[in-house]
Amino acid sequence: MNLTHIKAVAFDLDGTLVDSIADLAASANAMRAELGLAPLAAERIQSHVGDGVASLVHRALTDERDGQADAALWERGFTFFIQHYHRHLTVHTRMYPGAAEGLKLLHGFGLPLVVVTNKSERLAVPLLAQLGIDSAFSLILGGDSLPEKKPSPLPLQHVAEVLGITPQQIVMVGDSENDVLCARAAGSAAVAVSYGYRDAANLHADLVIDSLVELFALLKKSAEVPQNLRV
Ligand SMILES: O=C(O)COP(=O)(O)O
Ligand SMILES: [Mg+2]
């Protein structure tokens, strides 16, 4: 994979920078308990994450990927979930091994780093702040920051515009179909992490990495390719 032209790195949040399943599952099950429903296993909740909180609440209430909860029930669930999760963002949530070091190395390398998540901005920003990594990012885009979220190319197009580069100069690092589809639609490079919430082998990314330190090593190596050999 040719990374010589890369000028910025966009990161997905859940399943890529942080393992947030325990806290998401705790809040989803607290919501279910509030509504008189039995708890779901964390693996079920994991399969429901990736399209933002509104979808997660529908899926966590019905335990179906395409489930649509009754409107009044969803409203109660959504309000409860947001309040509960906002207060418990980082009880168990931690960065993945190599993520903090990888971010530090990439930041030191001088590449602008951004977050493109489908999590609501009002949840993503405090979560990153509580883990002490918010200042590493030039921009943090949530699923509700723009009129469209991943898999739409809009977030990466917006990042390119803000940074004054093209989407082709961005590499999107993620763990789900939405990340790869968003990158493809924008014309950006797509890198998948092997440790996220989905099976990376099914994502058809340009490259699969085991840690963000590996991404740094690849970008550093690409930058060392002499100018006249770059394509
Ligand atoms: O669906 C979510 O809330 C989080 O999704 P993300 O993987 O885009 O961070
Ligand atoms: Mg993700």
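Residues numbered from 1 in each chain as written. Chains lettered and ligands numbered in written order. Predicted model: local features only at pLDDT ≥ 70, side-chain atom pairs only at ≥ 80, totals over all residues.

The name that an unreviewed UniProt entry assigns to the protein chain is Phosphoglycolate phosphatase, with the source organism given as Vogesella margarita. UniProt, in the comment section headed Pathway (unreviewed entry), describes the protein chain in these words: "Organic acid metabolism; glycolate biosynthesis; glycolate from 2-phosphoglycolate: step 1/1." Word for word, the UniProt comment on the protein chain under Catalytic activity (unreviewed entry) is "2-phosphoglycolate + H2O = glycolate + phosphate". (UniProt positions renumbered as here; feature names shortened; annotations may be inferred.)

Student: Explanation requested: the overall build of the protein chain in the structure shown.
Tutor: From N to C terminus, the protein chain includes 9 helices and 8 strands. Taking 17 Å as the expected radius of gyration for a compact globule of 231 residues, we find that the protein chain reaches 18 Å, a close match to that expectation. C-alpha atoms of the protein chain, sized along the principal axes, occupy 65 × 30 × 30 Å. A buried classification covers 41% of the 231 residues belonging to the protein chain. Excluding contacts between residues fewer than 6 apart, the proportion of contacts in the protein chain whose partners are at least 24 apart in sequence is 60%. (Helix = DSSP H or I, 4+ residues; strand = E, 2+ residues; numbered from the N terminus. Rg over C-alpha atoms; globule rule 2.2 N^0.38 Å. Buried ≥ 20, exposed ≤ 12 C-beta atoms within 10 Å, placed from the backbone. Contact = placed C-beta atoms within 7 Å.)

Student: How should the nonpolar core be read in this particular structure?
Tutor: Across soluble globular proteins, you tend to see nonpolar side chains buried next to one another. If you look at the biggest cluster of nonpolar residues, it comprises 60 residues, and the most contacted ones within it are A10, V115, L156, M172, V173 and V191. Among the domains, domain 1 (8-19 + 95-229) and domain 2 (21-87) are the pair contributing at least three residues each to this core. Apart from the residues lying within four places of it in its own chain, the contact partners of L156 are A10, V116, P167, I170, M172, C182, A183, A186 and S188. (Core = buried A, V, L, I, M, F, W, Y, C linked by C-beta atoms within 7 Å. Domains from an automatic or database assignment.)

Student: Any chance you could explain the sheet that holds strand β5 (residues 139-141) here in plain terms?
Tutor: Sheet strands associate in pairs through backbone hydrogen bonding, adopting either a parallel or an antiparallel arrangement. Ordered by their spatial adjacency, 6 strands build an open sheet running β5-β4-β1-β6-β7-β8, and the pairing between neighbours is parallel. Looking along the sheet, the strands with just one partner apiece sit at the ends: β5 and β8 (207-209). Between one strand axis and the next, the sheet turns by 25 degrees as a mean value, whatever way the strands run. Here strand β1 (residues 8-11) pairs with strand β4 (residues 113-116) via 3 bridges, running parallel. Looking at β4, one finds that V9 is bridged to L113. (Pairing = 2+ DSSP bridges. Axes fitted to C-alpha atoms, helices over the stretch in contact; angles between N-to-C directions.)

Student: Sorry if this is basic, but what is going on with helix α6 (residues 121-130) here?
Tutor: Within α6, the full set of buried residues consists of L123, A124, L127 and L128. Projection of α6 onto a plane perpendicular to its axis shows the buried side chains occupying an angular sector of 120 degrees, all on one side. Against the buried residues of α6 lie α4 (71-87), β4 and β5. At the exit of α6 stands G132, carrying a positive phi of roughly 75 degrees. (Arc of directions from axis to C-beta.)

Student: Even after reading the chapter, I still don't get the site of ligand 1, so can you show me in this structure?
Tutor: Around ligand 1 sit 13 residues, and of these L13, D14, T117, N118 and K119 come closest. Classifying every residue of the shell around ligand 1 by side-chain character gives 3 nonpolar, 6 polar and 4 charged. (Near = placed C-beta within 6 Å. Nonpolar A, V, L, I, M, F, W, Y, C, P; charged D, E, K, R; others polar.)

Student: Would you explain the UniProt feature "binding site: Mg(2+)" (unreviewed entry) in the protein chain in this entry?
Tutor: According to UniProt, the positions carrying the feature "binding site: Mg(2+)" (unreviewed entry) are D12, D14 and D175. Annotated residues spanning 164 residues; largest pairwise C-alpha distance 8.2 Å, indicating a single compact cluster. C-beta crowding within 10 Å serves as the criterion here: with 24 such atoms nearby, D14 is assigned to the buried category. In this view, D14 contacts S20, V49, T117, K119 and Y197; residues no more than four positions away in its chain are not counted. With respect to the secondary-structure elements, D175 resides in the loop between β6 (170-174) and α8 (177-186).

Student: Help me understand the packing of helix α3 (residues 53-62) against α4 in this model?
Tutor: Working note: a packed helix pair is described by the angle between its axes plus the distance between those axes. The N-to-C vectors of α3 and α4 enclose an angle of 115 degrees; their axes lie 10 Å apart at closest approach. Here α3 and α4 pass one another in a crossing that is right-handed. Residues V53, A54, V57, H58 and L61 of α3 touch α4, and the partners they reach there are L73, W74, G77, F78, F81 and I82. Here the contact of α3 with α4 is built from residues that sort into 9 nonpolar, 2 polar and no charged. (Left-handed = near helix turned anticlockwise from the far one by under 90°.)

Student: For this particular structure, what's the right way to read the pairing of β6?
Tutor: Of all 5 residues in β6, 5 are buried; the element is thus mostly enclosed. Here 4 bridges tie β6 to strand β7 (residues 189-193), and the two strands are oriented parallel to one another. Residue pairing across strands places V171 opposite A189, the latter belonging to β7.

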